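Structural characterization, general
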Amino acid sequence: MNISRLVRAAQRGNKEALLELILAEQDAYYRLAYSYMRNEHDAMDVMEDMIVTLYEKLAQLKKSEAFYSWSKTILVNRCKTVLRNQNRFVPLEEDEAPEPAMEAWTATNPYRDTESEMDLSVLLAHLNPRQREAIELRYVHDLPYQTIADITDAPVGTIKSRISQGIQKLKAMIGGDRYENDRGEITGASADQGAVRT
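Residues numbered from 1 in each chain as written. Predicted model: local features only at pLDDT ≥ 70, side-chain atom pairs only at ≥ 80, totals over all residues. Heavy atoms only, no water.

1. Some details on the nonpolar core
Convention followed: Remark: nonpolar core denotes a set of buried residues (Ala, Val, Leu, Ile, Met, Phe, Trp, Tyr, Cys) joined through side-chain atoms within 4.5 Å. Any residue under 20% of the maximum accessible area for its type is buried, any over 50% is exposed, and the rest in between are partly exposed; the area is computed with a 1.4 Å probe on protein chains only. Secondary structure elements follow DSSP: runs of H or I no shorter than four residues count as helices, runs of E no shorter than two count as strands, and numbering proceeds from the N terminus. Here a residue-residue contact requires only that any non-hydrogen atoms of the pair lie within 4.5 Å.
Formed by 44 residues in total, the largest nonpolar core has its most connected members in Tyr29, Tyr36, Phe67 and Leu75. Counting residues per element, this core draws most heavily on helix H5 (residues 67-85), which supplies eight residues. Among residues more than four places away in sequence, those in contact with Tyr29 are Ile22, Met47, Met50, Phe67, Tyr68, Ser71, Lys72 and Leu75.

2. A closer look at the environment of Arg8
With respect to the element layout, Arg8 can be found in helix H1 (residues 3-11). A C-alpha to C-alpha distance of 8.9 Å links Arg8 and Ala59, two positions 51 residues apart in sequence.

3. Notes on the packing of aromatic side chains
Stated precisely, the cut-off is as follows: Ring pairs shown here join Phe, Tyr and Trp side chains whose ring centres sit within 6.5 Å, with only the six-membered ring taken for Trp; geometry is labelled stacked below 30 degrees between planes, edge-to-face above 60, and tilted in between. We count a charge as sitting over a ring when the NZ of a lysine or the CZ of an arginine lies within 6 Å of the ring centre and within 35 degrees of the ring normal.
Taken as a whole and assessed by the stated rule, the structure comprises four aromatic pairs. Ring geometry for Tyr29 and Tyr68: centres 6.4 Å apart, planes at 45°, overall tilted. Residue Tyr29 is located in helix H3 (residues 26-37), and its partner Tyr68 is located in helix H5; the two are separated by 39 residues in the primary sequence. Each of the two residues, Tyr29 as well as Tyr68, counts as buried. Note on Tyr30 and Tyr34: the rings are 5.8 Å apart at their centroids and 35° apart in plane angle, and the pair reads as tilted. Placement of the pair is Tyr30 and Tyr34 together in helix H3, with a separation of four residues, close to one helical turn. With a relative accessible area of 35%, Tyr34 lands in the partly exposed category. Aromatic ring contacts, followed pair by pair, group Tyr29, Phe67, Tyr68 and Trp70 into a single cluster. Positioned over the ring face of Tyr139 is Arg138, at 5.9 Å from the centre of the ring. The aromatic ring of Tyr145 is capped on one face by Lys160, whose charged end is 5.2 Å from the ring centroid.

Spelled out as structure tokens, the structure:
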């Protein structure tokens, strides 16, 4: 599929070309919309809104190879607008909500010390909204840093910092900072915590 050719055709009014572009990424669009809307009906509604916006504003797109980045930014912005109107979207500036207690997800799980048994959504709930959004967009939706920066209206360096800080927090939660050195000694924050307990 030649994205640039299809975008140029769609910009000249070829609706089939626009449809082909959208259908090629329909699963990615749906997953992205669902991650914000959290239900199928609302996800489909915002996707329809995105398609209308793409049709109306496609002539404004200067770089045809940026179509998917641009369209996903439109989709996320539409999700945020709908959530804000439904009073379900908490602006990122108001991210001081208390985090759920770690005991809530570890107490009933006999495998709580193994990374493979932990639910990603439960782990991500312990991050602040900015870190969670950046990590989900990067690793769940596989978006490049620049696209995430465009979507969140933040500099690329800030996005990388949010992701790095979020990953460090997740690693500390699941014990990922613990490893053995070449002498078989356990090092890292987990070892320091163990030393304090004894």
